[in-house]
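# Chain and residue survey
One letter stands for each residue in the lines below.
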Amino acid sequence: MIAVDTIRADFPILQEKIHGQPLVYFDNAATSQKPQVVIDSISAYYTTTNANIHRGVHSLSQRATDAYEGSRIKIQKHFNAAKSHEIILTSGATHSINIVAAGFRTLLKKGEEVIVSAMEHHSNIVPWQMLCEETGAVLKVLPMNEEGELVMERYGDLLTEKTRLVFVNHVSNALGTINPIEDIIDRAHKAGAAVLIDGAQSCPHIRPDVQALGADFYVAAGHKLCGPTGVGILYGKESWLDKLPPYQGGGEMIQEVSFEKTTYADLPHKFEAGTPNIAGVIALGTAIDYLNGIGFENIAAYEDRLLAYATEKLGQIEGLKIYGTAARKTAVISFNIGDIHPYDIGSILDQMGIAVRTGHHCAQPVMDFYKIPGTVRASFSFYNTYEEIDRLYKGLCKAKEMLS
Ligand SMILES: *Cc1c(COP(=O)(O)O)cnc(C)c1O
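Residues numbered from 1 in each chain as written. Predicted model: local features only at pLDDT ≥ 70, side-chain atom pairs only at ≥ 80, totals over all residues. Heavy atoms only, no water.

## With respect to the domain arrangement of the protein
We note that the domain assignment places domain 1 (4-27 + 296-403) and domain 2 (39-292) within the protein. With centres defined by C-alpha atoms, the gap from domain 1 to domain 2 works out at 29 Å. Taken together, the contact between domain 1 and domain 2 spans 31 residues of the former and 32 residues of the latter. Counting each side, the surface lost to burial between domain 1 and domain 2 is near 2,500 Å², with a carbon and sulfur contribution of 60%. On the surface where domain 1 and domain 2 come into contact, there are zero salt bridges. Inspection of the domain 1/domain 2 interface yields 15 residue pairs in polar contact (both at pLDDT 80 or more). For the side of domain 1 that touches domain 2, the elements supplying multiple residues, two or more each, are helix H11 (296-315), strand S14 (332-337) and helix H13 (364-370). Top contributing element to the side of domain 1 that touches domain 2 by residue count: H13, with six residues. Along the lines of polarity and charge, the residues of the side of domain 1 that touches domain 2 split into 19 nonpolar, seven polar and five charged. (Domains from an automatic or database assignment. Contact = heavy atoms within 4.5 Å. Buried area = accessible area lost by both parts, 1.4 Å probe. Salt bridge = Lys/Arg side-chain N within 4 Å of Asp/Glu carboxyl O. Polar contact = N/O pair within 3.5 Å; in protein donor to acceptor, adjacent residues only side chain to side chain. Helix = DSSP H or I, 4+ residues; strand = E, 2+ residues; numbered from the N terminus. Nonpolar A, V, L, I, M, F, W, Y, C, P; charged D, E, K, R; others polar.)

## Topic: the sheet that holds strand S10 (residues 232-236)
Here we have seven strands laid out as an open sheet, ordered S4-S10-S9-S8-S7-S5-S6, and mixed in their pairing. Both outer strands of the open sheet, strand S4 (87-90) and strand S6 (138-142), are each paired with one neighbouring strand and no more. Across the sheet, the mean angle from the axis of one strand to that of its neighbour is 20 degrees, orientation sign disregarded. Across five bridges, the pairing between strand S7 (residues 163-169) and strand S8 (residues 194-198) is parallel. The residue of S8 that forms the bridge with asparagine 169 is aspartate 198. Relative to S4, helix H3 (residues 59-79) is tilted by about 120 degrees, and along the sheet it contacts S4, strand S9 (217-221) and S10. (Pairing = 2+ DSSP bridges. Axes fitted to C-alpha atoms, helices over the stretch in contact; angles between N-to-C directions.)

## Notes on the packing of helix H4 (residues 93-103) against helix H5 (residues 126-135)
Relative to each other, H4 and H5 sit at 15 degrees, their axes nearing to 9 Å. Judged on the interaxial angle alone, H5 and H4 are roughly parallel. Where H4 crosses over H5, the two elements pack in a sense that is right-handed. Listed contacts from H5 to Ile97, Asn98, Val100 and Ala101 of H4 are Pro127, Trp128 and Leu131. Its residues placed into classes, the contact of H4 with H5 shows six nonpolar, one polar and no charged. (Parallel < 35°, antiparallel > 145°, perpendicular 65-115°, else oblique. Left-handed = near helix turned anticlockwise from the far one by under 90°.)

Here's what the structure looks like:
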């Protein structure tokens, strides 16, 4: 059960007015709002704990290090990773993917193959394209269907003895589809390929168990998990992280430096060059505690009900077409009304205080598949309400009337 009124009181921004109207925030897939405990955690860090980590002999540095490393352990437990040094703290999901893609420059050979899905965020396409250009490896695409589901019948043909890597999102940010990653991982491993799961969109709704999944890499964005911007997660199996070269050189990531030769630090420090976003990492730990306090099962169950309600309600609007009708999806509705431009709908909704995303959602191949320039996307979180969905419905009726 979700006590939505109590929860809403935890999020100060939900009291804001936009154009004189109470804010309805339906852009959760772009970034989530932050509860007061997370905001307080940032301020408490700078008020009582601020010092650089891992290097000071003084007590304050030790306090900062303990808080930072404590957050890593929270994330390890949350992901059920076997070892805390398998959790690398990054600046975001994009950074996490780039660490892996850049690392594979030394491991991938010309003519070897990698597989991407047709419904990826640009963050999980472009770094791999760069990798393929540099190495001469071949990028293959696992297609999707009208419902916005991956065509798994094609997966077997794509996997060959040359496949080295498969990268796919757990949940599509453009459509909300929950992909069958268990099957994708199993079959990739049988073919001898490694798998990176982009969990940026799943982590706000599903608690990942990386050991049960067997994922080689799993990435997430802190800011979509009620944490601050500028902090992200890269989980990697120890054996893989040992094999990958460091991404950036600098302080913190070395064992010994001379002008003749530098040796690298052990995991996780090898991938954490320079002073990290200490406050952000600590606040992300607070955010994860906050979410676990509500419970991911409760979050998912409530959001499923919001999705069902909104799908039914928006379905009453004539000419409204929903993109992404997969059997398993999170609380995201991507849609258009007739041939009205998504931007125009978004602007009218904004006038009513309703925040939605419009455009290609960093997933142009998905828009190309449907032969549309973009959609309006309403994405729901556990702090949203049925009344807010009613306001969206009314707003859309008004927008339709004004624009057609
Ligand atoms: C948001 C998102 C990303 C990128 O996350 P950043 O925070 O921009 O680094 C990658 N993949 C998916 C599926 C996303 O939703």
